[in-house]
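# Architecture and fold: a report
As a plain string of letters, each chain reads:
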Amino acid sequence: MKVKGNCILCEKQTELTKEHVPPRRLGNTGDKKTRTGNFEDFLKADFTKGDFPKGIKRKPQGNVHYTLCGECNSFFGSEYVKEYIKFAEDNRNFLYGNINAKKGTDSLTYSVKKINPIRVAKEVVAMFFSINGENDSMDKPFLDAVRGYLSDPKNNFFPHEDYQIIMNYYLPIGLSQDAKTKIPNDIIGDNIPHNVIKSFMTLDISGGKQIRFSEIQYDGIGFTLVDLKKSTFIIKEGYDLKTFLCADDKIKEMYLYKIPILTPMVITMMEMHNGINYPDPGSDLLVRWQLIVDFLTELKRFGAIKLNLFQNLKSNQRNHNRDG
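Model, not experiment: these values are computed from the prediction. (Residues numbered from 1 in each chain as written. Predicted model: local features only at pLDDT ≥ 70, side-chain atom pairs only at ≥ 80, totals over all residues. Heavy atoms only, no water.)

Bringing the packing of aromatic side chains into the picture now. A full pass over the atoms with the stated rule returns twelve aromatic pairs. Between the aromatic rings of F76 and Y80, the centroid separation amounts to 5.8 Å while the plane-to-plane angle is 35°, which identifies the pairing as tilted. In this pair, F76 and Y80 are both assigned in helix α2 (residues 70-98), four residues apart and thus about one turn of the helix distant. Relative accessible area serves as the criterion here: at 0%, Y80 is assigned to the buried category. On the basis of an interplanar angle of 70° and a centroid distance of 5.2 Å, the ring pair of F142 and Y163 is categorised as edge-to-face. Placement of the pair is F142 in helix α4 (residues 140-151) and Y163 in strand β7 (residues 163-170), with a sequence separation of 21 residues. By the burial criterion, F142 is buried, and Y163 matches it. Positioned over the ring face of F200 is R212, at 4.4 Å from the centre of the ring. (Phe/Tyr/Trp six-rings, centres within 6.5 Å; stacked < 30°, edge-to-face > 60°. Helix = DSSP H or I, 4+ residues; strand = E, 2+ residues; numbered from the N terminus. Buried < 20%, exposed > 50% of the residue type's maximum accessible area, 1.4 Å probe, protein only. Lys NZ or Arg CZ within 6 Å of the ring centre and 35° of its normal.)

Structural data, given as structure tokens:
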């Protein structure tokens, strides 16, 4: 398929090429391995009858975006993709190698040796660059803000005051279908996990807060890009990639501390258990996890206030009885 338009990196009018997000080597090969659609369609499906939602389509070429010319696509491939693949595969193997050994944990800490952090980070930015670079989802302010950063491998001036990228571990494998929740397993047909790739959207949070973000969750590793200028809801969970984004261009060891492990089914069941209503149970994982953490923190704080009040009342009663 030939697609013509303006390359979002060099901005020349030319023939555009397929940009795989994430890279093909990480499993984004298409055919039965890549599906796309609204997760709500899965909620309405009766999987006991072998029903496959009509709103969910296979993507025979994988998740691809026609946003770059051949030269710029090759530039990203030669400068950033190889380092990112090594990083993603390393973290995915670490996640799946430790998840059973540490049952019950909701985060993992990992030391990544011999990695070039800025090259890894630039591929993450490049993926968001393409996701938000197509005509129907183009975000010109973001493209303009990071174009110079991506064009030069040694440029470490990422606009971190305007944009934040946060990492999490993504475990798409969940529980079997639950009759009560009526939510299917996170495995979608043929043992293929549900992956999330979403361009910028604005979400209104209770209390008048909002967040504008873009998201990638793909078999083992996930990233959330936050537009800080247009967000009042703060994500404190996850690993802030700033140390990667602004690093020097050299190989080093990087310490990833307490990376949360997010699973759609687990998050959905926690929301249901705590009475938290969320419109899309298949995506927005880090935002939803932060909402759960905030809710439980407030609940714990409220519980501590109640306990302290109760203890004070008991103490006052004892003093009253003694004085009487």
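Now for empty space enclosed by the protein. Taking a probe equal in size to a water molecule and rolling it over the atoms shows the remaining empty space. Scanning all chains against the criterion turns up one cavity of 30 Å³ or more. Each pocket or cavity is described by its volume, and for the largest cavity that value is around 80 Å³. What lines the largest cavity is simply P22, L26, Y84, A88, R92, M127, I216, Y218, D219, I221 and F223. Those elements that place two or more of their residues in the lining of the largest cavity are α2, β11 (209-218) and β12 (220-227). When residues in the lining of the largest cavity are grouped by element, the largest group, three residues, is from α2. For the lining of the largest cavity, the per-class residue count stands at nine nonpolar, no polar and two charged. (1 Å grid on protein atoms, 1.4 Å probe; cavity = no way out; pocket = protein on both sides within 12 Å on 5 of 7 lines; lining within 4 Å. Points joined across faces, edges and corners; volume = space filled by probe spheres on them. Nonpolar A, V, L, I, M, F, W, Y, C, P; charged D, E, K, R; others polar.)

Of the pairings in the sheet, the one linking strand β1 (residues 3-6) to strand β2 (residues 13-20) comprises four bridges and is antiparallel in character. Looking across to β2, one finds that G5 is bridged to T14. Connecting β1 to the next strand, β2, in antiparallel fashion are six residues, including E11 with a positive phi near 65°. (Pairing = 2+ DSSP bridges.)

With 60 residues, the main nonpolar core has Y84, F87, I165, Y169 and F223 as its most contacted residues. Counting 19 residues, the second-largest nonpolar core is a separate cluster that includes I166, F233, I235 and W289. (Core = buried A, V, L, I, M, F, W, Y, C linked by side-chain atoms within 4.5 Å.)

Right, let's talk about the packing of α2 against α4 for a bit. It is at 11 Å that the axes of α2 and α4 come closest, and there the two elements cross at 70°. The angle between α2 and α4 places the two elements in the roughly perpendicular class. Two secondary-structure elements touch here, α2 through F75, F76 and Y80 and α4 through Y149, L150 and S151. A breakdown of the residues in the contact of α2 with α4 according to their chemical character gives five nonpolar, one polar and no charged. (Axes fitted to C-alpha atoms, helices over the stretch in contact; angles between N-to-C directions. Parallel < 35°, antiparallel > 145°, perpendicular 65-115°, else oblique. Contact = heavy atoms within 4.5 Å.)

To continue, consider the state of the cysteines. Scanning all chains against the criterion turns up zero disulfides. Just so you know, C72 is unpaired, no disulfide at all, and the nearest cysteine sulfur is the one on C69, 3.5 Å from it. On the accessibility criterion, C72 (9% relative accessible area) is buried. (Disulfide = S-S within 2.5 Å.)

Before going further, it helps to spend a moment on α4. Over its twelve residues, α4 runs 16 Å from end to end, which matches the ideal 16 Å to within 8%, given 1.5 Å per residue. For α4, the complete set of buried residues consists of F142, L143, V146, R147, Y149 and L150. On its buried face, α4 is in contact with α2, α3 (117-131), β7, β10 (196-205), β12 and α5 (242-245). At the N-terminal boundary of α4, the capping side chain belongs to D139, with an oxygen 3.0 Å from the backbone nitrogen of F142. (Expected span 1.5 Å × (residues − 1). Polar contact = N/O pair within 3.5 Å; in protein donor to acceptor, adjacent residues only side chain to side chain.)

Here the structure, examined in full by the defined rule, presents 14 salt bridges. Across the salt bridge formed by K86 and E83, the nearest N and O atoms sit 3.5 Å from each other. In this pair, K86 and E83 are both assigned in helix α2, three residues apart and thus about one turn of the helix distant. E83 sits in the buried class, given a relative accessible area of 14%. Through salt bridges with shared partners, one network takes in E11, K140, D144 and R147. (Salt bridge = Lys/Arg side-chain N within 4 Å of Asp/Glu carboxyl O.)

The next thing to look at is the packing of α2 against α3. It is at 8 Å that the axes of α2 and α3 come closest, and there the two elements cross at 110°. Comparing the axis directions of α2 and α3 gives the class roughly perpendicular. For the pair α2 and α3, the contacting residues are F76, E79, Y80, V81, E83, Y84 and F87 in the first and R119, V120, K122, E123, V124, A126, M127 and F129 in the second. Its residues assigned to classes, the contact of α2 with α3 comprises ten nonpolar, no polar and five charged.

Just distances and angles here, no functional claims.
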